[in-house]
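# Structural overview
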Amino acid sequence: MALAAAWRRKNGTTEAAVQSRYFVLAGTADGGRTPKGYVPIVLVGDGDMAEERVLVHVATLREPCMEGLLEMAAQQFGYGQQGVLRIPCDARQFHQMMVSVHSKSR
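So, here's what we can say about the structure. (Residues numbered from 1 in each chain as written. Predicted model: local features only at pLDDT ≥ 70, side-chain atom pairs only at ≥ 80, totals over all residues. Heavy atoms only, no water.)

### Topic: the overall build of the protein
Helix and strand counts for the protein stand at four helices and four strands. Moving toward the C terminus, one meets the helices and strands of the protein in the order α-α-β-β-β-α-β-α. Of all 106 residues assigned to the protein, the portion counted as buried reaches 32%. Looking at the protein alone, contacts between residues at least 24 apart form 59% of all its contacts between residues at least 6 apart. Per element, the accessible surface of the protein, about 6900 Å² overall, is 53% carbon and sulfur. (Helix = DSSP H or I, 4+ residues; strand = E, 2+ residues; numbered from the N terminus. Buried < 20%, exposed > 50% of the residue type's maximum accessible area, 1.4 Å probe, protein only. Contact = heavy atoms within 4.5 Å. Areas by Shrake-Rupley, 256 points an atom, 1.4 Å probe, with all protein chains shown as cover.)

Quick look at the structure:
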(Lines give C-alpha, C1' and ligand atoms only; values in the text may rest on other atoms or scores of the structure.)
Protein backbone atom coordinates (compact mmCIF):
# COMPACT_ATOMS: atom_id res chain seq x y z
CA MET A 1 0.00 0.00 0.00
CA ALA A 2 2.81 2.42 0.89
CA LEU A 3 4.54 1.58 -2.38
CA ALA A 4 1.41 2.49 -4.36
CA ALA A 5 1.07 5.78 -2.49
CA ALA A 6 4.72 6.61 -3.19
CA TRP A 7 4.22 5.83 -6.89
CA ARG A 8 1.16 8.11 -7.03
CA ARG A 9 3.08 10.96 -5.36
CA LYS A 10 5.98 10.48 -7.78
CA ASN A 11 3.70 10.54 -10.81
CA GLY A 12 1.35 13.20 -9.48
CA THR A 13 -1.63 10.87 -9.65
CA THR A 14 -3.91 10.96 -6.65
CA GLU A 15 -7.31 9.41 -6.30
CA ALA A 16 -8.73 12.87 -5.53
CA ALA A 17 -7.45 14.19 -8.86
CA VAL A 18 -8.90 11.20 -10.67
CA GLN A 19 -12.24 11.58 -8.89
CA SER A 20 -12.49 15.22 -9.87
CA ARG A 21 -12.42 14.43 -13.60
CA TYR A 22 -13.41 10.82 -14.28
CA PHE A 23 -15.78 9.87 -11.48
CA VAL A 24 -17.12 11.03 -8.14
CA LEU A 25 -18.60 9.08 -5.29
CA ALA A 26 -22.37 9.41 -5.51
CA GLY A 27 -22.68 10.49 -1.87
CA THR A 28 -20.62 13.61 -2.60
CA ALA A 29 -22.88 14.86 -5.38
CA ASP A 30 -24.85 18.08 -4.94
CA GLY A 31 -28.08 17.17 -3.17
CA GLY A 32 -28.16 13.65 -4.63
CA ARG A 33 -28.59 15.00 -8.16
CA THR A 34 -26.48 13.77 -11.04
CA PRO A 35 -24.31 16.59 -12.43
CA LYS A 36 -24.42 17.31 -16.16
CA GLY A 37 -22.01 15.07 -18.08
CA TYR A 38 -22.04 12.20 -15.56
CA VAL A 39 -23.77 8.79 -15.52
CA PRO A 40 -24.79 7.12 -12.24
CA ILE A 41 -23.39 3.60 -11.86
CA VAL A 42 -23.61 0.99 -9.10
CA LEU A 43 -20.46 -1.11 -8.66
CA VAL A 44 -21.44 -4.65 -7.70
CA GLY A 45 -18.64 -6.69 -6.14
CA ASP A 46 -18.44 -10.46 -5.80
CA GLY A 47 -20.32 -12.22 -3.02
CA ASP A 48 -20.72 -10.19 0.16
CA MET A 49 -18.96 -7.07 -1.16
CA ALA A 50 -21.01 -3.93 -0.56
CA GLU A 51 -22.34 -2.04 -3.55
CA GLU A 52 -20.92 1.42 -4.18
CA ARG A 53 -22.60 4.18 -6.15
CA VAL A 54 -20.40 6.39 -8.32
CA LEU A 55 -20.95 9.00 -11.00
CA VAL A 56 -18.82 8.41 -14.10
CA HIS A 57 -18.02 11.16 -16.61
CA VAL A 58 -19.46 10.30 -20.03
CA ALA A 59 -16.03 10.66 -21.71
CA THR A 60 -14.81 7.77 -19.55
CA LEU A 61 -17.35 5.43 -21.14
CA ARG A 62 -15.27 5.47 -24.35
CA GLU A 63 -12.25 3.95 -22.60
CA PRO A 64 -11.57 0.32 -23.64
CA CYS A 65 -11.64 -0.85 -20.01
CA MET A 66 -15.10 0.71 -19.52
CA GLU A 67 -16.32 -0.88 -22.75
CA GLY A 68 -15.25 -4.24 -21.32
CA LEU A 69 -17.12 -3.56 -18.08
CA LEU A 70 -20.24 -2.55 -20.00
CA GLU A 71 -20.08 -5.81 -21.99
CA MET A 72 -19.73 -7.77 -18.74
CA ALA A 73 -22.73 -5.88 -17.32
CA ALA A 74 -24.80 -6.76 -20.38
CA GLN A 75 -23.87 -10.44 -20.08
CA GLN A 76 -24.54 -10.63 -16.35
CA PHE A 77 -27.53 -8.31 -15.93
CA GLY A 78 -28.89 -7.97 -19.49
CA TYR A 79 -29.52 -4.88 -21.60
CA GLY A 80 -32.89 -4.14 -19.99
CA GLN A 81 -31.65 -3.12 -16.54
CA GLN A 82 -34.14 -1.06 -14.59
CA GLY A 83 -32.90 2.00 -12.70
CA VAL A 84 -29.21 2.74 -12.26
CA LEU A 85 -26.68 0.91 -14.43
CA ARG A 86 -25.06 -1.96 -12.51
CA ILE A 87 -21.44 -2.89 -13.27
CA PRO A 88 -19.93 -6.22 -12.08
CA CYS A 89 -16.76 -4.75 -10.56
CA ASP A 90 -15.77 -4.17 -6.95
CA ALA A 91 -14.99 -0.63 -5.85
CA ARG A 92 -11.27 -1.19 -5.24
CA GLN A 93 -10.70 -2.55 -8.76
CA PHE A 94 -12.76 0.25 -10.27
CA HIS A 95 -10.79 2.94 -8.43
CA GLN A 96 -7.52 1.36 -9.58
CA MET A 97 -8.80 1.26 -13.15
CA MET A 98 -9.72 4.96 -13.03
CA VAL A 99 -6.27 5.89 -11.71
CA SER A 100 -4.74 3.90 -14.58
CA VAL A 101 -6.98 5.63 -17.16
CA HIS A 102 -6.07 9.01 -15.67
CA SER A 103 -2.33 8.31 -15.80
CA LYS A 104 -2.54 7.21 -19.47
CA SER A 105 -4.32 10.41 -20.49
CA ARG A 106 -1.64 12.70 -19.04
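### A word on the pattern of salt bridges
Should the charged atoms of two oppositely charged side chains come close, the side chains can pair. In the structure shown here, the tally under the stated rule is one salt bridge. Arg86 is the salt-bridge partner of Glu51, the closest N and O atoms lying 3.1 Å from each other. Taken together, the residues span a long stretch of sequence, with Glu51 in the loop between strand E2 (38–43) and strand E3 (52–57) and Arg86 in strand E4 (residues 85–87) at a distance of 35 residues. The class for Glu51 is partly exposed, based on a relative accessible area of 46%. A relative accessible area of 27% means that Arg86 is categorised as partly exposed. (Salt bridge = Lys/Arg side-chain N within 4 Å of Asp/Glu carboxyl O.)

### Some words on helix H3 (residues 64–77)
Taking 1.5 Å of rise per residue, 14 residues should cover 20 Å, and H3 covers 20 Å from first to last C-alpha, within 8% of that figure. Of all the residues in H3, the buried ones are Met66, Leu69, Ala73 and Ala74. The arc enclosing the buried residues of H3, seen along the axis, measures out at 140°, which places them on a common side. Seen from the buried face of H3, the exposed residues on the opposite side, beyond 90 degrees, are Pro64 and Gln75. Summarising the contacts, the buried residues of H3 are in contact with E2, E3, E4 and helix H4 (91–104). Phi for Gly78, located one or two positions after H3, is positive at around 85°. (Expected span 1.5 Å × (residues − 1). Arc of directions from axis to C-beta.)

### Observations regarding the packing of aromatic side chains
Applying the stated criterion across every chain, the model contains zero aromatic pairs. Between the NZ or CZ atom of Arg86 and the centre of the ring of Phe77, over which it lies, the distance is 5.2 Å. (Phe/Tyr/Trp six-rings, centres within 6.5 Å; stacked < 30°, edge-to-face > 60°. Lys NZ or Arg CZ within 6 Å of the ring centre and 35° of its normal.)

### Some thoughts on the environment of Val101
For Val101, the location among the structural elements is in helix H4. For Val101 and Pro64, which are 37 residues apart along the polypeptide, the C-alpha to C-alpha distance reads 9.6 Å.

### Some details on the nonpolar core
Counting residues in hydrophobic clusters, the biggest one holds 14 residues, and the most contacted among them are Ile41, Leu43, Met66, Leu69, Ile87 and Phe94. Broken down by secondary-structure element, the contributors of at least two residues to this core are E2, E3, H3 and H4. For this core, the element with the highest residue contribution is H4, accounting for five residues. Other than its neighbours up to four places away in sequence, Met66 contacts Ile41, Val56, Thr60, Leu61, Phe94, Met97 and Met98. (Core = buried A, V, L, I, M, F, W, Y, C linked by side-chain atoms within 4.5 Å.)

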